[in-house]
Every structure is written in structure tokens, then in C-alpha cells.
Amino acid sequence: QVQLVESGGGLVQAGGSLRLSCAASGSIFSINTMGWYRQAPGKQRELVARKSSGGSLDYADSLRGRFTVSMDNTKNTVYLQMNSLKPEDTAVYYCYADRTGATGGVEVYWGQGTQVTVSS
């Protein structure tokens, strides 16, 4: 099992910045990928950005250049730096992790979510 605890959400004006953090604990030794998804009201959850243990990055095309995902392996923490925020970035942001389980299957874990609200 992997536990994910997020922090850093809040209210910010358009054009501002926020940094989200997500600390992983538990069976972290076989985590393959960590990252972030978001879900706006009335919309499906969508990928924001994620980073694999091998270093590969995956971003939503519309967010590339404004959002940056990074990891501190010493702290088992993934970050999301969000710059030039827009009202349409308002959503609940979820930390994501997947790992290879004991039977070889992929296990997916989610954080509890943190609200980001961007005012115009």
C-alpha cells in the first residue's frame, strides 16, 4: 500500500503561482510513476503531469510551459509548480502514484485531493 498526502492548494489570483506537494509513504520502493491529475466541476479527471522513476515526463499539452512536475526522491515527494494560473485551472488536484504489486500487476493510488481556485 502507498499513502499519498497532498498540500499546497488554495486561492490565488489569475497570473499567480502555487506549488503543490505530495508526500508518499508505505510501500514506496516499487513506485513507477508519480504525478498529478485534476478534476474541474462537471468534468472528467484529466492528466496534468507525471514523472516516471526512469525520468520520463508526460504533460497535458495545454499545460506544458506553465506547469512543471518534479520529484525529490530523498523525501519521496512529488511537486507541481503552477505558474501564470488562469481561472480555468480551478479544480481539485489529485496526487497519483502507481507501483508494481507483488503479483506483477500495476496498482494505482490517489491522494485525497487539494482544491485550487483561481480568481479572475
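Not measured: the values here are computed from a predicted model.

**Focus: the sheet that holds strand 3 (residues 18–26)**
Backbone-to-backbone hydrogen bonds pair the strands of a sheet. The strands run either parallel or antiparallel.
For step 1, the next point in the chain: Spatially, 1-3-8-7 is the arrangement adopted by the four strands of the open sheet, whose pairing is antiparallel. Either end of the sheet is taken by a strand with one partner, and the two such strands are strand 1 (2–7) and strand 7 (67–72). On average, each strand axis in the sheet is inclined to that of its neighbour by 20 degrees, with strand direction left out of account.

**So, the environment of Gly55**
For step 1, the next point in the chain: Along the chain, Gly55 falls in the loop between strand 5 (46–52) and strand 6 (57–59).
For step 2, the next point in the chain: It is 26 Å that separates the C-alpha atoms of Gly55 and Asp89, two residues lying 34 residues apart in sequence.

**Comments concerning the state of the cysteines**
For step 1, the next point in the chain: Under the counting rule described, the total for this entry stands at one disulfide.
For step 2, the next point in the chain: The disulfide partner of Cys22 is Cys95, and the S-S distance across this bridge is 2.0 Å. Negative torsions about the S-S bond denote left-handed disulfides, and the value of about -85 degrees found for Cys22 with Cys95 makes this one left-handed. Taken together, the positions of Cys22 in strand 3 and Cys95 in strand 9 (residues 91–100) put the pair 73 residues apart, joining distant regions of the chain.
For step 3, the next point in the chain: According to the relative accessible area criterion, Cys22 is buried, its value standing at 0%.
For step 4, the next point in the chain: Overall, Cys95 belongs to the buried group, its relative accessible area being 0%.

**What to know about the pairing of strand 3**
For step 1, the next point in the chain: Of the strand pairs in this sheet, strand 1 and strand 3 are connected by six bridges, and their pairing is antiparallel. Considered in strand 3, the bridge of Val5 is made with Ala23.
For step 2, the next point in the chain: Judged from the six bridges that link them, strand 3 and strand 8 (residues 77–82) form a sheet pairing that is antiparallel. If you follow Ala23 over to strand 8, its bridge partner there is Thr77.

About the thresholds
Residues numbered from 1 in each chain as written. Predicted model: local features only at pLDDT ≥ 70, side-chain atom pairs only at ≥ 80, totals over all residues. Heavy atoms only, no water. Pairing = 2+ DSSP bridges. Helix = DSSP H or I, 4+ residues; strand = E, 2+ residues; numbered from the N terminus. Axes fitted to C-alpha atoms, helices over the stretch in contact; angles between N-to-C directions. Disulfide = S-S within 2.5 Å. Buried < 20%, exposed > 50% of the residue type's maximum accessible area, 1.4 Å probe, protein only.

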